[in-house]
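# Coordinate analysis (summary)
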Amino acid sequence: MVGRPLKKIQCESYTRGSNFTKQCLCKGYFQKTSGKYRCKFHGGFSTGPRSLEGRIKALRNLKFLKNKTEEEIQQWIKNKIKQVSYRKKPSTK
Ligand SMILES: [Zn+2]
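What counts, and where the lines are drawn
- Residues numbered from 1 in each chain as written.
- Predicted model: local features only at pLDDT ≥ 70, side-chain atom pairs only at ≥ 80, totals over all residues.
- Helix = DSSP H or I, 4+ residues; strand = E, 2+ residues; numbered from the N terminus.
- Buried ≥ 20, exposed ≤ 12 C-beta atoms within 10 Å, placed from the backbone.
- Contact = placed C-beta atoms within 7 Å.
- pLDDT = per-residue confidence, 0-100.

## Side note on the overall build of the protein
The secondary structure content of the protein amounts to two helices and two strands. When the helices and strands of the protein are placed in sequence order, the string is β-β-α-α. Sorting the 93 residues of the protein into buried and exposed places 3% on the buried side. Of the contacts formed within the protein by residues at least 6 apart in sequence, a portion of 20% connects residues at least 24 apart.

## Concerning the environment of Arg60
Residue position: Arg60 is located in the loop between α1 (52–59) and α2 (70–87). For the pair formed by Arg60 and Ile73, sequence separation is 13 residues and the distance between their alpha carbons is 8.4 Å. Not counting chain neighbours up to four residues away, the residues in contact with Arg60 comprise Leu65 and Lys66.

## Description of the confidence of the model for the protein
Confidence in the prediction for the protein averages 84 pLDDT; 86% of positions are at 70 or higher. Confidence scores differ between elements of the protein, with α2 showing the lowest mean pLDDT of 78 and strand β2 (residues 37–38) the highest of 92.

## Brief notes about the environment of Ile9
Topologically, Ile9 is positioned in the segment before β1 (29–30). For Ile9 and Tyr29, which are 20 residues apart along the polypeptide, the C-alpha to C-alpha distance reads 7.8 Å. Aside from chain neighbours lying at most four places away, what touches Ile9 is Lys27, Gly28 and Tyr37.

## Here's the deal with unusual backbone geometry
Within the chain, Asn19 stands out as a residue other than glycine whose phi angle is a positive 60°. The residue Asn19 is located in the segment before β1 in this model. Not every positive phi belongs to a glycine, and Phe20 is a case in point at roughly 60°.

Structure below.
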């Protein structure tokens, strides 16, 4: 099929505001994992803060990092990444 479809493909999930009676009206994207169409809000596409500045800004809200300098927080992030990569199994792509 060339171009976009004539009818909008909707997200297949139901909104929480309607107590799960109304369908979400957003544009849906096909998901290979579930085999359903989900929008950007219901699909779990959020990546969280990606840049280092954004991460520091987000981590500043935590109580134990509130009064620390940027360098200390950077060090904390580096240690955390090391721990995570140690736990994860090596992925082959
Ligand atoms: Zn949706």
